[in-house]
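Given next are the chains, with one letter for each unit.
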Amino acid sequence: MSLLRINDEAPDFTAETTQGTIHFHEWIGDNWAVLFSHPKDFTPVCTTELGAVAGLEKEFAVRGAKVIGLSVDPVSSHGKWVADIEETQGHKVNYPMIGDPELKIAKLYNMLPADSGDTSDGRTAAANATVRTVFVIGPDKKIKLQLSYPMTTGRNFDEILRVLDSMQLTAKHKVATPANWKNGDDVIIAGSVSDEEAKAKYPQGYQTIKPYLRVVAQPK
């Protein structure tokens, strides 16, 4: 089982979800996708995360990004869990949640080792602790980002939105975003752009801090 890396093609799969059967690449279509996984249903941190994403669903949508959850339990269990999520977090989960009771997708995405068995029955959240990854996948079906979290640390989905903004901006323009960048902040001109090209592209000017560090206002 080879490790997944950025720019690898996201493995395709067919799975049951709370919204019926999906074929993952087909489901993504021409969109960006955010797949975030959970070690077990009815776990406290994951309950807050699924609720937080439900509250941000419109933010993902305006970025052309579809969200989908995965938990190492059957879809029938997910259906009961979403009621708890809405009750406790105040947001209804309208996006699909993948059931992975045979651990196939968790293994396919290198979140569980191959020798983890083939059933979620009897497994604890601790045994599935590594199923805590966020994958951001582009319209080209390639992995653009993956972040893994410990079970005791809730994920920051504002950061996922920030990264989406950066990746979509830098995919369109020959720029990069600096540390702690937020939408609207200055950006870095890519090293692949010569000074002559930069002068033509940015007639309003840019700041050269070092020959390799050139800063300009964010392109519109």
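This section reports on the structure supplied with the text.

Basis of the calculations
- Residues numbered from 1 in each chain as written.
- Predicted model: local features only at pLDDT ≥ 70, side-chain atom pairs only at ≥ 80, totals over all residues.
- Heavy atoms only, no water.
- Core = buried A, V, L, I, M, F, W, Y, C linked by side-chain atoms within 4.5 Å.
- Buried < 20%, exposed > 50% of the residue type's maximum accessible area, 1.4 Å probe, protein only.
- Helix = DSSP H or I, 4+ residues; strand = E, 2+ residues; numbered from the N terminus.
- Contact = heavy atoms within 4.5 Å.
- Phe/Tyr/Trp six-rings, centres within 6.5 Å; stacked < 30°, edge-to-face > 60°.
- Lys NZ or Arg CZ within 6 Å of the ring centre and 35° of its normal.

**Thoughts on the nonpolar core**
Working step 1: Counting residues in hydrophobic clusters, the biggest one holds 25 residues, and the most contacted among them are Val-34, Phe-60, Tyr-95, Val-136 and Ile-160.
Working step 2: Counting residues per element, this core draws most heavily on helix α6 (residues 157-172), at six residues.
Working step 3: For Val-136, the residues in contact, after removing those within four places along its chain, are Trp-32, Ala-33, Val-34, Lys-142, Ile-143, Lys-144, Leu-145, Ile-160, Leu-164 and Met-167.
Working step 4: Ala-15, Leu-70, Val-72 and Ala-106 belong to the second largest nonpolar core, which has 24 residues in total.

**Describing the packing of aromatic side chains**
The description of an aromatic ring pair rests on the distance of the ring centres and on the angle between the ring planes.
Working step 1: Counted according to the given criterion, the structure contains seven aromatic pairs.
Working step 2: Aromatic pair Phe-13 and Tyr-109: ring centres 6.1 Å apart, planes at 80°, arrangement edge-to-face. Placement of Phe-13 in the segment before β1 (14-17) and of Tyr-109 in the loop between α5 (104-108) and β6 (133-137) is noted, with a sequence separation of 96 residues between them. Tyr-109 carries the same exposure label as Phe-13, and that label is buried.
Working step 3: Each ring, one from Phe-42 and one from Trp-81, has its centre 6.2 Å from the other, and the planes form 40°; the classification is tilted. Of this pair, Phe-42 sits in the loop between β3 (32-38) and α2 (44-55) while Trp-81 sits in helix α4 (residues 75-89), and the two are 39 residues apart along the sequence.
Working step 4: A residue is classified by how much of its surface remains accessible, and Phe-42, at 42% relative accessible area, is partly exposed.
Working step 5: Joined through ring pairs, the aromatic side chains of Phe-13, Phe-24, Trp-27, Tyr-109 and Phe-135 make up one cluster.
Working step 6: Just above the ring of Trp-27 sits the side chain of Lys-66; from NZ or CZ to the centre is 4.4 Å.

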